[in-house]
Amino acid sequence: QVRLVESGGDSVQTGGSLKLSCAAAGYTLSTCGMDWYRQVPGKPRELVSSISSSGSTAYASSVKGRFTISRDSDTGTLYLQMDSLNLEDTGMYYCAACGRSSDRAFWGQGTQVTVSS
């Protein structure tokens, strides 16, 4: 059973930074595509950033230039460095891995990011 565990969520002020991590237990994720999603209550889940098995990255326009996705090639741990945080970045952040990009096989339980002024 694959279990993804996110960490690093916190409460920060606007302009601050956070680094999220997503570790996997029971599986090697280095060969999988992985994503970071976020969700705010009452709104649809939003794809924030993706990284392919080959290392290609993609970002939502709202975070491009502020967020950086990366992964540890040895452990498969996924990261999301978030800089210049603004109020709209508040939400529950989830990592997802493997399977098709439109239908990821594994999901974490989420880590909360709260940005305040």
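Refer to the preceding data block for the structure.
Let us look at the structure shown here. (Residues numbered from 1 in each chain as written. Predicted model: local features only at pLDDT ≥ 70, side-chain atom pairs only at ≥ 80, totals over all residues. Heavy atoms only, no water.)

Attention now goes to the pattern of salt bridges. For the structure on display, the rule yields five salt bridges. Here glutamate 46 and arginine 38 are joined by a salt bridge, their closest N and O atoms 2.8 Å apart. A salt bridge links aspartate 89 to arginine 66, with the nearest nitrogen and oxygen atoms 2.7 Å apart. Note that aspartate 89 is positioned in the loop between strand E8 (78–82) and strand E9 (91–100) and arginine 66 in the loop between strand E6 (57–59) and strand E7 (67–71), a separation of 23 residues in sequence. (Salt bridge = Lys/Arg side-chain N within 4 Å of Asp/Glu carboxyl O. Helix = DSSP H or I, 4+ residues; strand = E, 2+ residues; numbered from the N terminus.)

This next bit is on the state of the cysteines. A covalent bond bridging the sulfur atoms of two cysteines is what the word disulfide describes. Scanning the model with the defined rule gives two disulfides in all. One disulfide in the model links cysteine 22 with cysteine 95; its S-S distance is 2.0 Å. Torsion about the S-S bond of the cysteine 22 and cysteine 95 cystine: about 55°, corresponding to right-handed handedness. Taken together, the positions of cysteine 22 in strand E3 (residues 18–25) and cysteine 95 in strand E9 put the pair 73 residues apart, joining distant regions of the chain. Looking at cysteine 22, the relative accessible area reads 0%, which means it is buried. Cysteine 95 gets classed as buried once you look at its relative accessible area, which sits at 0%. One disulfide in the model links cysteine 32 with cysteine 98; its S-S distance is 2.0 Å. Measuring the twist about the S-S bond at about 95°, one finds the cysteine 32-cysteine 98 disulfide to be right-handed. Taken together, the positions of cysteine 32 in the loop between E3 and strand E4 (34–39) and cysteine 98 in strand E9 put the pair 66 residues apart, joining distant regions of the chain. (Disulfide = S-S within 2.5 Å. Buried < 20%, exposed > 50% of the residue type's maximum accessible area, 1.4 Å probe, protein only.)

Taken by themselves, the reported measurements are silent on function.
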